[in-house]
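Tertiary structure, described
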Protein chains: 2
Amino acid sequence: MKSKIEALPDWRSSCPLSSALDLFGDKWSLLIVRDLAMHGPRTYSQFLAADEKISTNILASKLKVLEEFGLIEHLNPDASSRGNPYKLTEIGAELAPVGLAFREWALKHLGDIHPQMTHLPIAIK
Amino acid sequence: MKSKIEALPDWRSSCPLSSALDLFGDKWSLLIVRDLAMHGPRTYSQFLAADEKISTNILASKLKVLEEFGLIEHLNPDASSRGNPYKLTEIGAELAPVGLAFREWALKHLGDIHPQMTHLPIAIK
DNA sequence: CCGCATCCGTTACGATACTG
DNA sequence: CAGTATCGTAACGGATGCGG
């Protein structure tokens, strides 16, 4: 019984895509998933060190909803948060195709308006 | 020479996923692409009639950036906007895998917290 | 220190009324 | 019909504080 969801979104419609966007239609959630998919388990501080420079309150709130909806969880569920990295659940890992599709599209079509873009998904820190 | 981009995003990083989210990391852009992918060319009023009930100012602003970045264009480029539907460009159409990946994930994992969700991508209007 | 929470200014969103 | 203008609300983002 891991579902302790505080507030469900106000679903805009019955469309699956729309519903996914009700949950992850922001600029940060998929980047958190990306970091976990690329690096494996990752702590709060490590997320903060990513190139995109998320601020602490935003990170905390995004981690909370991702955890509420079962996409991420602490590596050691019984330990305290300190130094206890997050990891992807199986459900969270299955978001990978979304990120990869975005990535493919961006690499193919964003190069001319964003020359610094690299094929590397993220710099290793 | 179709690139008349007013304001490029402040790219947060060189990561392709991050860059895609800089452009489309919101709750509406992909739904506009969805409507065009499902229904073909579609007018302003038809977008407004979708289940998600986007408001007029948001729709106008999203259409503008999608057009600026070459994802959509008017069906008849030389005519006025009135009754002139938007259609996907080839670049825009290539966002389809992103929407489909989101859709697959949602259908697989969102059913229990969103029972009304249907396998239909969108109601035909 | 590390993982947040709080405060607060700024920006984006959203409903509605309105215009050509 | 295809958008703007307006204005209230919610989300974001930086700085800072605080408990463990």
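Structure shown above.
Residues numbered from 1 in each chain as written. Chains lettered and ligands numbered in written order. Predicted model: local features only at pLDDT ≥ 70, side-chain atom pairs only at ≥ 80, totals over all residues. Heavy atoms only, no water.

Structural notes on the pattern of salt bridges
Our working rule: A carboxyl oxygen of Asp or Glu within 4 Å of a side-chain nitrogen of Lys or Arg is what we treat as a salt bridge. Working definition: with a 1.4 Å probe on protein chains only, accessible area under 20% of the residue-type maximum means buried, over 50% means exposed, and in between means partly exposed. Secondary structure elements follow DSSP: runs of H or I no shorter than four residues count as helices, runs of E no shorter than two count as strands, and numbering proceeds from the N terminus.
Tallying each qualifying case throughout the model produces twelve salt bridges over all chains. Close ionic contact of Asp35 of chain A with Arg34 of chain A constitutes a salt bridge, the shortest N to O distance being 2.9 Å. For Arg34 of chain A, a relative accessible area of 7% corresponds to the buried category. We note a salt bridge from Glu73 of chain B to Lys87 of chain B, for which the minimum N-O separation is 3.3 Å. Highlighted residues: Glu73 of chain B in strand β1 (residues 72–74) and Lys87 of chain B in strand β2 (residues 86–88), separated in sequence by 14 residues. What makes Glu73 of chain B partly exposed here is its relative accessible area of 26%. Through salt bridges with shared partners, one network takes in Arg34, Asp35 and Glu52 of chain A.

Some remarks on the side chain of Arg34 of chain A
Under the convention used in this document: Between N or O atoms, a polar contact is any pair within 3.5 Å; within protein, one atom must be a potential hydrogen donor and the other a potential acceptor, and residues adjacent in sequence are included only when both atoms are from side chains.
By secondary structure assignment, the location of Arg34 of chain A is in helix α2 (residues 29–39). There is a polar contact of 2.9 Å between the side chain of Arg34 of chain A and the side chain of Glu52 of chain A.

Some words on the protein's contact with DNA strand C
Defined as follows: Being near a molecule or strand, for a residue, comes down to having at least one heavy atom within 4 Å of it. By the convention adopted, Pro, Cys, Tyr, Trp, Phe, Met, Ile, Leu, Val and Ala count as nonpolar, Lys, Arg, Asp and Glu as charged, and the other residues, Gly among them, as polar.
As a structural note, the neighbourhood of DNA strand C is formed by 17 residues, with Ser45, Thr56 and Arg82 of chain A together with Trp28 and Asn57 of chain B the closest of them. Across the atoms of DNA strand C situated within 4 Å of the protein, the share located in sugar and phosphate is 52%. Gly83 of chain A places a polar main-chain atom, nitrogen or oxygen, 3.1 Å from a phosphate oxygen of DNA strand C. With respect to DNA strand C, the side chain of Lys62 of chain B contributes an N or O atom lying 3.4 Å from a phosphate oxygen. Among the secondary structure elements, those contributing two or more residues to the surface near DNA strand C are α3 (44–48) and α4 (56–68) of chain A together with α4 (56–68) of chain B. For the surface near DNA strand C, the per-class residue count stands at five nonpolar, nine polar and three charged.

So, the interface of chain B and chain A
Quick note on the threshold: The contact criterion used is simple: two residues touch if any of their non-hydrogen atoms lie within 4.5 Å. In this description, buried area is defined as the sum, over both parts, of the accessible area (probe of 1.4 Å) that is lost when the two are combined.
Contacts between chain B and chain A engage 49 residues on the former and 49 residues on the latter. Buried surface at the junction of chain B and chain A, summed over both partners, amounts to about 4,400 Å²; 73% is from carbon and sulfur atoms. When the buried surface of chain B facing chain A is broken down by residue, Arg12, Phe102 and Trp105 of chain B rank first, second and third, together holding 16% of it. Here chain B and chain A share two salt bridges between them. Here Lys108 of chain A and Glu94 of chain B are joined by a salt bridge, their closest N and O atoms 3.2 Å apart. Linking chain B with chain A are 22 residue pairs in polar contact (both at pLDDT 80 or more). Take the side of chain B that touches chain A: its biggest share by element is eleven residues, from helix α6 (residues 96–109) of chain B.

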